[in-house]
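# A look at the structure
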Amino acid sequence: MDLPDFLKILPLVVLAGTTVVLMLVIAFWRNYKVTFFITLIGLIVAFITLPFGVSNKSLQITSILVINGSTVFYLGLLIAGCLIAVLLSYEYIEKFEGNREEYYILLLLATLGSSILVASDHFVSFFLGLEILSVSLYGLIAYPHNLRQRIEAAIKYLILAGATSAILLFGMALIYTVLGTMEFSRIAISGAQPGNQNVMVLAGWGLLTVGIGFKLALVPFQYWTPDVYQGAPAPVTGFIASVSKGGMFALMLRYFSRVDIFANSSLLALFAAIAVASMLYGNIVALMQHNVKRILAYSSIAHLGYLLVAFLASGSLGPQAVAFYLVAYFITTLSAFGVITLISTPEHEIEELKDYESLVWRHPILATIFTISLLSLAGIPPSVGLIGKIFIAAAGVQSSLWVLLGSLIVGSVIGVFYYLRIVITMFRPPEEQVESVISLPSIYTTGGVVLSLLTFLIISLGIYPLPIMQIIARMISTLP
Amino acid sequence: MLTIPFQHGLILAGILFSIGAMSLIIRRNIFFILLSIEIMLNAAGLAFVVAGAHWGQPEGQIMFIFILTMAAAEVSVGLAIVIQLYRRYKTLDVDAANEMQG
C-alpha cells in the first residue's frame, strides 16, 4: 500500500483517528463542548477528503477494501448521516447527568464500522466492519443507561446481533471451505464453476442472508426492530435506522452484484419473497401500534422492503434507484427522529401517540417539520420520498417485477393511514389543559437549525431532484 | 503422521454450532446465553481453521484471530450491560427484561 492508496482511504483513516484523539482528550480533559467540536471537525475533514477516492475505475486497496464511485458516494452519505445525528444529539445528550463525552466516540466508531462495510470486498473486512458497528451500537442503545427500557433493548440487541454474527461467520466458513477464497470477486468466479454449486455453498449463502437480513431488519429477521427502536434513545434510533442500515445495504449491493444473484433464480425468488413480506408485514403491523417509535420501526421494515425492489431490478436504473431512495430515506428518517429527539429528554422519551396530541398548538414549527417528514415517508408530494418511490417504480417496471410493484403500491397505500394518524393526532384541537411533559425547545438551537435544513431538503429535492440525480448518475456506474 | 480429514473437523464445528444454538434458545440466564454465543462464534472459528488447513492457506487462522478479538470486545461490552441489567432488574433472568410489548 503506497501513498496514493492511502489517500483514497483517508476518510476511514480520519474517522478512526478522530476516535483515538477523542479518547485521549477525554482521558486528560473531560469537556462536553470540546468533544462535540472535535467530533464535528473529524467528520467534516473525513467528508472533505472523500474526493481523493473518486476515479472512474474500481480501485483495490490491498485485497480487502475497494474504492470506486459508488463506495465514495455511500461513504459520503454515511458521514453526512452521522454528522446530522451528531448535531441532533447535542442538546439531548447534554441533558444527561453522567458521562456524556463517550457517546461521540461510540457514534464515530459505529460510522467507521458502517464505512468499512461500504468499502469491503472481502469476508475479513465484512466481518470486522459489521462487528465494529454492532459492538458500538450495543453501547449506544444503552447509552444514557438511566431507563429500564434502554437496558432491555440493549440486551435484546446484544443477544440477537451476537447470534447472527455467529451464523454469518459460519456461513462464510462454509463458503470458504468449498471455494477456497474469501474475496468477493474470486468467490464470484469460482462459485460460478459447475462443480462448486453444492449444498454447502447454498447453505453458506443462506446463512449469510440471515446475517444481512438481521441487520437490515427484513422479515423474518425483524423481531428486534420495534423493541430496540422504542428502547434506544431517540437520536440513536435515528442513527440505527439510517447509518447502520445504509452501510449494510451498500455492502449487500456489492456482494450480490459480484456473485450475480440474477443468475440464480431460487435466490432471486427468495429475495423477492422477503421483499414482499417486509413491505406488507411492516405496513400492516404498524397500523396497530400506539407508540410513535414503534410505528416508525415497522415503517422502516417496509421501507427496506421498497429498497429491495430496487435492488432486485436488474436494469441500469436499479443501483441508481437504490442510491436515490437511500438519500431520501436518510434525510426523512433523520428528520423524523430529530423531532422526537428535540422534544424528548434522556429521562423521558416522548414516544406515545397521545403525547403528540395537539402538538401543533403548542409548538407549530416542530409539528410542521414532523408532518413534512411523515408525509415524505408516506410518499405524498411534494416530497423527496415520492420521487424516491417513483424512481423505484421505474426501475421495477424496467425489469417487469409486477408482483413486487403491486406489493409496493399496496404497502404505500396502507402506509398513508398510519402516517396520517400521527399527523391528525398532532393537529387535533386541544380539548382541555393537559399537563405536558414535552420540553418545548426553541427552533434556534443546533437541532432546530439542522431540522429546518433537513425539511428544506425534503421539500426542495421533492420539487427539483435533479442535482442529486446528477451526482448519483456520475458516481454510481454499473460497477458494483 | 495421520492427518484428520477436513470433513471431520467441519462436522465437529457443525455439532458445536448446534449445541451453542440450542443452548441459546433453551437457557434463560444471561451469562449462559453469552456463553452459548461464544460457543457458536468459536465453532465458526474452528470451521475457518479447518478450511484454512484444507486449502493450505493462512487466511483461516487469521480469521480465527479476528473472531477471538471481536468476541472478547463483544463480551466486555456485553458484561457491562449485564451489570446494568442486574442493577435495574435484580435478576439475571432475561425473561424479566421483556416489558416492551406491542
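Description of the structure in this document. From a predicted model like this one, the values you see are computed outputs, not experimental measurements. (Residues numbered from 1 in each chain as written. Chains lettered and ligands numbered in written order. Predicted model: local features only at pLDDT ≥ 70, side-chain atom pairs only at ≥ 80, totals over all residues. Heavy atoms only, no water.)

## Brief notes about the overall build of chain A
The secondary structure content of chain A amounts to 20 helices and two strands. Each principal axis of the C-alpha atoms in chain A carries an extent, and together these give about 75 × 55 × 40 Å. Taking all 480 residues of chain A together, 66% fall into the buried category. Taking the contacts inside chain A whose residues are at least 6 apart along the sequence as the reference set, 81% of them involve residues at least 24 apart. (Helix = DSSP H or I, 4+ residues; strand = E, 2+ residues; numbered from the N terminus. Buried < 20%, exposed > 50% of the residue type's maximum accessible area, 1.4 Å probe, protein only. Contact = heavy atoms within 4.5 Å.)

## Topic: the overall build of chain B
Within chain B, the regular secondary structure consists of three helices and zero strands. Listing the helices and strands of chain B from first to last along the sequence gives α-α-α. On C-alpha atoms alone, chain B measures out to a radius of gyration of 17 Å, which is more than a quarter above the 13 Å that the 2.2 N^0.38 rule sets for 102 residues. Its C-alpha atoms put chain B at 55 × 30 × 25 Å along the principal axes. Within the span of chain B, comprising 102 residues, buried residues form 36% of the whole. For chain B, the proportion of contacts with a sequence separation of at least 24, taken over those separated by at least 6, is 52%. (Rg over C-alpha atoms; globule rule 2.2 N^0.38 Å.)

## Section: the interface of chain B and chain A
It is common to give the size of an interface as the accessible area lost on bringing the parts into contact. Every contact between the two is made by 43 residues of chain B and, on the other side, 43 residues of chain A. Residue A:Arg148 is joined to B:Glu99 by a salt bridge in which the shortest nitrogen-to-oxygen separation is 2.9 Å. Counting across the interface, chain B meets chain A through 11 residue pairs in polar contact (both at pLDDT 80 or more). Contributing elements (two or more residues each) for the side of chain B that touches chain A: α1 (6-26), α2 (30-55) and α3 (59-89) of chain B. With 15 residues, the single largest contributor to the side of chain B that touches chain A is α3(B). For the side of chain B that touches chain A, a count of residues per class yields 29 nonpolar, 10 polar and four charged. (Salt bridge = Lys/Arg side-chain N within 4 Å of Asp/Glu carboxyl O. Polar contact = N/O pair within 3.5 Å; in protein donor to acceptor, adjacent residues only side chain to side chain. Nonpolar A, V, L, I, M, F, W, Y, C, P; charged D, E, K, R; others polar.)

## What about the packing of helix α14 (residues 317-343) of chain A against helix α19 (residues 446-463) of chain A?
All names here are of chain A. As a packed pair, α14 and α19 sit with axes 10 Å apart at the nearest point and diverge in direction by 150°. Here α14 is positioned roughly antiparallel relative to α19, judged by the angle of their axes. At the point where α14 passes α19, the crossing takes the left-handed sense. Here Ile 331, Thr 332, Leu 334, Ser 335, Gly 338, Val 339 and Leu 342 of α14 come into contact with α19, specifically with Gly 447, Gly 448, Leu 451, Leu 454, Leu 457, Ile 458 and Leu 461. (Axes fitted to C-alpha atoms, helices over the stretch in contact; angles between N-to-C directions. Parallel < 35°, antiparallel > 145°, perpendicular 65-115°, else oblique. Left-handed = near helix turned anticlockwise from the far one by under 90°.)

## Points about the side chain of A:Gln222
Note on placement: A:Gln222 falls in the loop between α9 (199-216) and α10 (224-231). Residue class for A:Gln222 comes out buried when judged on its relative accessible area of 2%.

## Let's talk about unusual backbone geometry
Residue and element names in this part refer to chain A. Cis geometry is adopted by the peptide bond preceding Pro 220, which originates at Val 219 and carries an omega value of 0°. Residue Pro 381 is joined to Pro 382 through a cis peptide bond whose omega torsion reads -5°. Even without glycine at this site, Ala 217 takes up a positive phi of about 55°. Residue placement: Ala 217 occurs in the loop between α9 and α10. Looking at Ala 217, the relative accessible area reads 0%, which means it is buried.

## Here we look at helix α3 (residues 32-48) of chain A
Residues and elements named next belong to chain A. Taking 1.5 Å per residue as the helical rise, α3 with its 17 residues ought to reach 24 Å, and the 24 Å between its terminal C-alpha atoms agrees with that figure. Inspection of α3 places Tyr 32, Thr 35, Phe 36, Ile 38, Thr 39, Leu 40, Gly 42, Leu 43 and Ala 46 among the buried residues, and these make up the whole buried set. The N-capping residue of α3, defined by a side-chain oxygen 2.9 Å from the backbone nitrogen of Lys 33, is Asn 31. (Expected span 1.5 Å × (residues − 1).)

## Overview of α2(B)
Between its terminal C-alpha atoms α2(B) stretches 38 Å, which fits the 38 Å expected from 26 residues at 1.5 Å a residue. Directly after α2(B), the chain includes B:Gly56, whose backbone phi takes a positive value near 65°.

## Description of the packing of aromatic side chains
Taken as a whole and assessed by the stated rule, the structure comprises 30 aromatic pairs over all chains. An aromatic cluster is built from A:Tyr32, A:Phe36, A:Phe37, A:Tyr90, A:Phe96, A:Tyr103, A:Tyr104 and A:Tyr143, whose rings are joined through pairwise contacts. Note that A:Arg148 overlies the ring of B:Tyr89, its terminal NZ or CZ placed 4.2 Å from the centroid. Seen from the ring of B:Phe32, B:Arg27 lies directly overhead, with NZ or CZ sitting 4.2 Å from the centre. (Phe/Tyr/Trp six-rings, centres within 6.5 Å; stacked < 30°, edge-to-face > 60°. Lys NZ or Arg CZ within 6 Å of the ring centre and 35° of its normal.)

## Things to note about the nonpolar core
Residue and element names in this part refer to chain A. Counting 220 residues, the largest nonpolar core has Tyr 74 and Phe 126 as its most contacted members. The leading source of residues in this core is helix α7 (residues 148-179), at 21 residues. Sequence-distant contacts of Tyr 74, defined by excluding residues within four places in its chain, comprise Val 118, Ala 250, Leu 253, Pro 319, Val 322, Ala 323, Leu 326 and Ile 476. (Core = buried A, V, L, I, M, F, W, Y, C linked by side-chain atoms within 4.5 Å.)

## Topic: a nonpolar patch on the surface
Residues and elements named next belong to chain A. Taken together, the side chains of Ile 284, Leu 287, Met 288, Ile 409, Val 413 and Phe 417 make up a nonpolar region of the molecular surface, amounting to roughly 600 Å² of accessible area. Looking at which element gives the most residues to the nonpolar patch, the answer is helix α18 (residues 402-427), with three residues. By relative accessible area, Ile 284 is classed as partly exposed at 39%. (Patch = residues over 30% accessible without salt bridge, like charges linked within 9 Å, V, L, I, M, F, W, Y side chains within 5 Å. Areas by Shrake-Rupley, 256 points an atom, 1.4 Å probe, with all protein chains shown as cover.)

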